[in-house]
Amino acid sequence: MTKSAHINQARVYLREARARGKYPAQRGFCFVLLEWAANCRRRAAAIRPEPVQGELI
């Protein structure tokens with residue numbers, strides 16, 4: 001996956017956590033969603049961009 005795809009996936013998880021946070025029965029799952037979002041952000045941060053000029057040579 002690309003960096004932008006990981007960030008987009010993290011945003012989806014955060015949006016779901018906000019939507020489900022209103023219901024006490026789903027509060028535990030909100031923390032799971034927040035953890036998944038954090039993992040996506042970590043994976044996005046770990047992706048190093050390749051130099052564009054490296055492809056030209």
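Conventions and cut-offs
Residues numbered from 1 in each chain as written. Predicted model: local features only at pLDDT ≥ 70, side-chain atom pairs only at ≥ 80, totals over all residues. Heavy atoms only, no water. Helix = DSSP H or I, 4+ residues; strand = E, 2+ residues; numbered from the N terminus. Rg over C-alpha atoms; globule rule 2.2 N^0.38 Å. Contact = heavy atoms within 4.5 Å. Areas by Shrake-Rupley, 256 points an atom, 1.4 Å probe, with all protein chains shown as cover. Lys, Arg positive; Asp, Glu negative; His and termini not counted. Charge placed at Lys NZ, Arg CZ, Asp CG, Glu CD.

Explain the overall build of the protein chain here, please?
The helix and strand inventory of the protein chain stands at three helices and zero strands. Order of helices (α) and strands (β) in the protein chain, N terminus to C terminus: α-α-α. Relative to the compact-globule value of 10 Å for 57 residues, the protein chain shows a C-alpha radius of gyration of 16 Å, a clear excess of over 25%. Dimensions of the protein chain, computed from C-alpha atoms along their principal axes, come out at roughly 55 × 15 × 10 Å. The contacts in the protein chain between residues at least 6 apart in sequence include a share of 55% that link residues at least 24 apart. Total accessible area on the protein chain stands at roughly 4700 Å², and carbon and sulfur atoms take up 57% of it. Between the averaged position of the 11 positive side-chain charges in the protein chain and that of its 4 negative side-chain charges there is a distance of 12 Å.

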